[in-house]
Amino acid sequence: MTEIAHTGDRNDWHDLAGAVALPNQAIIDGRQVDARSGKRFATINPATGETLAHIAEGDAADINDAVASARRSFDAGRWRNQSPLARKRVLLRLAELMRAEQQQFAVLESLDMGKLVRDASGNDIPTAINILQWHAEEIDKVYDEVAPLPAGNVGLIRRVPLGVVGAVVPWNFPLNMAIWKCGPALAAGNSVVLKPAEQSPLTALRFAQLALEAGLPEGVLNVVPGFGETAGQALGRHMDVDCLAFTGSTAVGKMFLRYAGESNLKQVWLECGGKSPVIVFEDCEDLETAADQVISGIFYNQGQVCSAGSRLIVQNSIRSKFLDLLVARAAQYQPGDPLNPHSGLGAMVEAKHAANVMRYIEAGNREATLVTGGNAATINGRGSFIEPTIFADVKPDAIIAREEIFGPVLAVLGFADEAEAIALANDSIYGLGASVWTDNLSRAHRVSEQLVSGVVGVNVVDPVNPAVPFGGFRQSGSGRDLSRHAVEKYTALKTTWIRFKN
Ligand code: NAP
Ligand code: MG
């Protein structure tokens, strides 16, 4: 890729965007290939509406090729039979190759799905690479178990790779979502077929190119760009895929359970939607920090975050004061050119999604009080943008209090006492993230214990770190990404019982 000296100003990012190479072929069996059908689809820059590249459109035929290649590499032991130390070295080399191109990755991500390049380069891309490194470093430190059996018997309980892992991921954090699945799956010795979202295939393709350069054997990581109903479904229904890891909407997550039930009973792990509550009590001493975090928790990535704190549940006694703090901060999050490091909010991923979010804002206008924002926007007459939007006086049964909007829209509800706050927070089909703001230690523990949520942040909104598991209860899914527990999804327990002569 082109080397451009970077000072981080606006023109630099535009220069890099003009120079960066755009991968456009699938990666199957260690080679860059077109789709068997010869078809291509356009990936669009939602900030301008311009077509960035025409990408190989994989479907069931290409998924078959990719799964066959993954199976061959697994059965031949090209990767899984390498020592954990050797696998670690390859993945660490990959992390270093990616680090050398961090800014190019950031630009690709920004162009492809409208993310602020500042966030991509300062947070998303380095985080993704760190997570890959974390799983690489972990894998030669995992011990197995020996069971307590009678004398003359040894019971080995080992975690072994499953075989072929399929991964289907969304567009909101394209490289992160790919790495959250591929990192632990590859570290554990599996072979992988990854289908990125149609809106954002570019960074996953570059990731796989660099994996080959780093020495990952051919066939171990295949990337098939394409559509969900064709390529995604083919992976979900494939008879030779052992495990399917999915991140995306709850509706599509349910389909993957059906695909598995109607095919080979592959293991399915789901990271789906959320409507995460943030509870602010009147005994929270630092409301300024709370307001900062509530705002970034709903407006980061234009609110297109599965664990976005989209429901603010604030104690009535401080409600109007806290709302003022929020409105002042929302003003800093005005939409702008995603390649301009001074912009406050990037583009929505695509016009269709922006229109969906605007329908929720219309519902909000009917059922609650608009406090700030509420409008769609363009930048230089182009693109799909939405203002940071806050609704107050939201009733618990309002549409905007119940459904995942996946946009920059905060619903604010009031409460009188702790019991009411907990009841409101748990009144959801989801259970992904939750946050509690209080300086009363007993209350912090008491409330955290009662929240039905995979991750509870106390005096922090949506904390993410490779050292702690991420995932949800209820219809937010099953299984956990990140941490040492992620590997559990991509391995099975295997018992070897040895009887020896005394
Ligand atoms: P989505 O529509 O469910 O798509 C996710 C992936 O599934 C994409 O690769 C998509 O392919 C594919 N897909 C779509 N329809 C399919 C089908 N019928 N069969 C097989 N695969 C299919 O979700 P999205 O709109 O991209 O992302 C937003 C959702 O993701 C939100 O609900 C959000 O909460 C969730 N999310 C959850 C987490 C988490 O960790 N819990 C993280 C991020 C996002 P196409 O590219 O062709 O659509
Ligand atoms: Mg795109």
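Residues numbered from 1 in each chain as written. Chains lettered and ligands numbered in written order. Predicted model: local features only at pLDDT ≥ 70, side-chain atom pairs only at ≥ 80, totals over all residues. Heavy atoms only, no water.

This part is about the site of ligand 1. Neighbouring ligand 1 are 33 residues; Glu 198, Gly 228, Ser 249, Cys 272 and Glu 404 lie closest to it. The separation between an oxygen atom of ligand 1 and a polar main-chain atom of Gly 248 is 3.3 Å. One nitrogen or oxygen atom from the side chain of Glu 404 is found 2.5 Å from an oxygen atom belonging to ligand 1. For ligand 1, the cavity whose grid points lie within 2 Å of the majority of its atoms is the largest pocket. Mapped onto the shell around ligand 1, the elements with two or more residues apiece are helix H8 (228-237), strand S10 (243-247) and helix H9 (250-262). Of the residues in the shell around ligand 1, the class split is 18 nonpolar, 10 polar and 5 charged. (Near = heavy atom within 4 Å. Polar contact = N/O pair within 3.5 Å; in protein donor to acceptor, adjacent residues only side chain to side chain. 1 Å grid on protein atoms, 1.4 Å probe; cavity = no way out; pocket = protein on both sides within 12 Å on 5 of 7 lines; lining within 4 Å. Sits in = over half its atoms within 2 Å of the grid points. Helix = DSSP H or I, 4+ residues; strand = E, 2+ residues; numbered from the N terminus. Nonpolar A, V, L, I, M, F, W, Y, C, P; charged D, E, K, R; others polar.)

Turning next to the coordination of the magnesium ion (ligand 2). Protein ligation of the magnesium ion (ligand 2) involves Thr 43 (OG1), Ile 44 (O), Asp 112 (O), Asp 112 (OD) and Gln 199 (O), the donor distances falling in the range 2.2 to 2.7 Å. The sequence pattern describing where the donors of the magnesium ion (ligand 2) fall on their chain is T-I-x67-D-x86-Q. Of this pair, Ile 44 sits in strand S3 (residues 40-45) while Gln 199 sits in the loop between strand S8 (191-195) and helix H7 (202-214), and the two are 155 residues apart along the sequence. For Ile 44, a relative accessible area of 40% puts it in the partly exposed group. (Donors = N, O, S within 2.8 Å, 3.2 Å for Na, K, Ca; no water. Buried < 20%, exposed > 50% of the residue type's maximum accessible area, 1.4 Å probe, protein only.)

Turning our eyes to something else, we now look at the packing of helix H14 (residues 418-426) against helix H15 (residues 441-450). Put simply, H14 and H15 touch, their axes get as near as 10 Å, and they point 30° apart. The way H14 lies across H15 gives a crossing that is right-handed. Between H14 and H15, the residues in contact are Glu 418, Ile 422 and Asn 426 and Arg 443, Arg 446, Val 447 and Gln 450, respectively. Residues belonging to the contact of H14 with H15 are distributed by class as follows: 2 nonpolar, 2 polar and 3 charged. (Axes fitted to C-alpha atoms, helices over the stretch in contact; angles between N-to-C directions. Left-handed = near helix turned anticlockwise from the far one by under 90°. Contact = heavy atoms within 4.5 Å.)

Let us look at the side chain of Ser 307. Mapped onto the elements of the fold, Ser 307 is located in the loop between helix H10 (287-299) and strand S13 (311-315). Residues within four places of Ser 307 in sequence aside, it is in contact with Ser 276, Leu 432, Asp 462 and Phe 470.

Mean pLDDT over the chain stands at 97; residues scoring 70 or higher make up 98%. Counting interchain partners and residues more than four positions distant, the pLDDT-below-50 stretch residues 1-5 has 15 contacts. (pLDDT = per-residue confidence, 0-100.)

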